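Chains, contacts and geometry: an overview
Here are the chains, one letter per residue:
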Amino acid sequence: MAVLLSTKANAMEAWRGALLALDPGLEIRMFPDAGDPAAIEAAVVWTSHDMAELRRYPNLKLIVSMGAGVDHLLRPPGPPPGIPVARLVDRMLTTQMGEWVLLNVLRFHRQDLEYRALQRDRHWLELPAPVTAERRIGILGLGELGSHAGGLLRGLGFPVMGWTRRPRQVEGVETFHGEEGLAAMAARSDILICLLPLTPATRGIVDARLLGRLPRGAFVINGARGGHVVDADLLAALDSGQVAGAALDVFQPEPLPPEHPYWAHPKVIMTPHAASITIPASAAPQVVENLRRARTGAPLLNLVDFAAGY
Ligand code: NDP
């Protein structure tokens, strides 16, 4: 089986080495040097790979995304018809996102924006003590990333709620689904965390309506996709005081243009889509396993549901 590998130039060798370390017999072609298109049976691609290009390979059996999100792969023209797409579900991705979420929840919970501003002014002032058990956290999406982050926050003593597409039971987490569930959870979310996949149903979900439902002075954390947030609505909510601070890892577009108001906004904490970065050596075992399954016709791991969009 020849495997087409396509990712950012600086990650290509690490991916190739990680895959070959597990299966030295793999024949790897590094995009754009695909060789004979008829030899390619699987494509392991970064989310920016052009799906129209994958229509060149008549014997393609599997596409593997090098990331957890697949919104880039599913947008038109989408993958070649009939070809399954697998995404990454990786312990190190999940761990990193959990750390990034904790960092920002604690930053807001422990009044770090205010203390940094006080330090800049050399102003010695003790703020009221924050109470963990009273800081209610609402998580949009309780999948691999959301449920792990929720577990960490619960472990620290925060009351955690979560919103999903289908009804779910998660131990220690109050769960919600549907439009009404979203409104009910938002009304009690002192910190709202978005860890949803970007789909037609979730695009622009963090808008003026949802932000307006949060308790006044709530915080917003987005580690999912820039397209979940209506930027003008979030900026208006920050400026009015409805939202007291936002931690954002993902933007629309990326890289965020230097003139964008987020860069210099005193209530916005930014990271450059770096909350959770794929580490090839960690992700390679499931990719090699899926290549083996594609070869033998066994059921594939972590398949994307095209109808649901994630
Ligand atoms: P999962 O597929 O495991 O979980 C998705 C969750 O979102 C599920 O709980 C699902 O509900 C819920 N959901 C999906 N659609 C809806 C909807 N319409 N209404 C309500 N809930 C919905 O995804 P992951 O946790 O692995 O990843 C989530 C996203 O995080 C990725 O898609 C990606 O965009 C982003 N990401 C960002 C990274 C970064 O570095 N910033 C790194 C990695 C991922 P249900 O449980 O019912 O299926």
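Residue numbers run consecutively from 1 along every chain, following the written order of its sequence. A pLDDT threshold of at least 70 governs which residues receive local features in this predicted model, and a stricter bar of 80 or more applies before side-chain atom pairs are shown or counted, although totals over entire chains, interfaces and linings include all residues.

**Focus on the overall build of the protein chain**
- Comment: elements are numbered from the N terminus, with helices defined as DSSP H or I runs of at least four residues and strands as E runs of at least two. Counting its secondary structure elements, the protein chain contains 9 helices and 12 strands.
- A radius of gyration in this sense is built from C-alpha atoms; the matching globule rule multiplies 2.2 Å by the number of residues raised to 0.38. Relative to its length of 310 residues, the protein chain is compact, with a C-alpha radius of gyration of 21 Å against a globular reference of 19 Å.
- Taken across its 310 residues, the protein chain has 38% of its residues classed as buried.
- Across the protein chain, every contact between residues at least 6 apart in sequence was considered, and the portion connecting residues at least 24 apart equals 61%. Whether a residue is buried, exposed or partly exposed follows from its count of other C-beta atoms within 10 Å of its own C-beta, namely 20 or more, 12 or fewer, or something in between, respectively; the C-beta atoms are built from the backbone. C-beta atoms are first placed from the backbone for all residues, and any pair lying within 7 Å is then listed as a contact.

**A look at the site of the ligand**
- Any residue whose backbone-placed C-beta atom lies within 6 Å of a molecule or strand is treated as near that molecule or strand. Around the ligand there are 31 residues in total, and G69, G141, G143, L145 and P197 lie nearest to it.
- Among the secondary structure elements, those contributing two or more residues to the shell around the ligand are α3 (91-109), α5 (144-156) and β7 (160-164).
- For the shell around the ligand, the element with the most residues is α5, which contributes 3 residues.

**Observations concerning the sheet that holds strand β12 (residues 268-270)**
- Should DSSP find at least two bridges between two strands, the strands are regarded as paired. In space, the 7 strands of this open sheet follow the order β8-β7-β6-β9-β10-β11-β12, with parallel pairing throughout. Edge positions in the open sheet fall to β8 (174-177) and β12, since each of these has one partner strand only. Pairs of neighbouring strands in the sheet enclose a mean axial angle of 15°, with direction left out of account.
- In this sheet, β8 lies alongside β7 in parallel orientation, the contact comprising 4 bridges. Of the residues in β8, the one forming a bridge with W163 is F176.
- Helix axes are fitted only over the stretch in contact, all axes being lines through C-alpha atoms; the angle between N-to-C directions runs from 0 to 180 degrees. Where α3 meets the sheet, its contacts fall on β6 (137-140), β9 (191-194), β10 (218-222), β11 (243-248) and β12, and the angle it forms with β10 comes to roughly 165°.
- Set on the sheet, α5 makes contact with β6, β7 and β9; between it and β7 the angle comes to about 170°.

**Some remarks on the UniProt feature "domain: D-isomer specific 2-hydroxyacid dehydrogenase NAD-binding" (unreviewed entry) in the protein chain**
- UniProt positions are given in the numbering used here, feature names are shortened, and annotations may be inferred rather than shown by experiment. Following the UniProt record, the feature "domain: D-isomer specific 2-hydroxyacid dehydrogenase NAD-binding" (unreviewed entry) maps to residues 105-275 here.
- Between the end C-alpha atoms of residues 105-275 there is a gap of 13 Å, over a span that is 30% helix and 18% strand.

**As for the environment of L5**
- Checked against the element boundaries, L5 lands in strand β1 (residues 2-6).
- Its 24 C-beta neighbours within 10 Å are what place L5 among the buried residues.
- Expressed as a C-alpha distance, the spacing of L5 and A43, which sit 38 residues apart in the sequence, is 6.1 Å.
- Non-local contacts of L5, meaning those with residues more than four positions away in its chain, are made with M12, W15, R16, I28, R29, M30, F31 and V44.

**Description of the domain arrangement of the protein chain**
- With domains assigned, the protein chain is organised as domain 1 (2-90 + 278-296) and domain 2 (91-270).
- Domain delimitation in this document rests on an assignment produced automatically or drawn from a domain database. Placing the centre of domain 1 and that of domain 2 at their C-alpha centroids yields a distance of 32 Å.
- Contact with domain 1, which involves 9 residues of that partner, is made by 8 residues of domain 2.
- For the side of domain 1 that touches domain 2, the class distribution of residues is 4 nonpolar, 3 polar and 2 charged. Charged residues are taken to be Asp, Glu, Lys and Arg, nonpolar residues to be Ala, Val, Leu, Ile, Met, Phe, Trp, Tyr, Cys and Pro, and polar residues to be all remaining types, Gly included.

**Regarding the sheet that holds strand β4 (residues 62-65)**
- Pairing is parallel across the open sheet formed by 5 strands, whose spatial order is β2-β1-β3-β4-β5. Two strands lie at the open edges of the sheet, namely β2 (27-30) and β5 (85-86), each paired on one side alone.
- Bridge analysis of strand β3 (residues 40-45) against β4 gives 4 bridges, and the strand direction is parallel. If you follow A43 over to β4, its bridge partner there is I63.
- The strands touched by helix α9 (residues 280-296) are β1, β3, β4 and β5; relative to β4, the strand with the most contacts, the crossing angle is about 170°.

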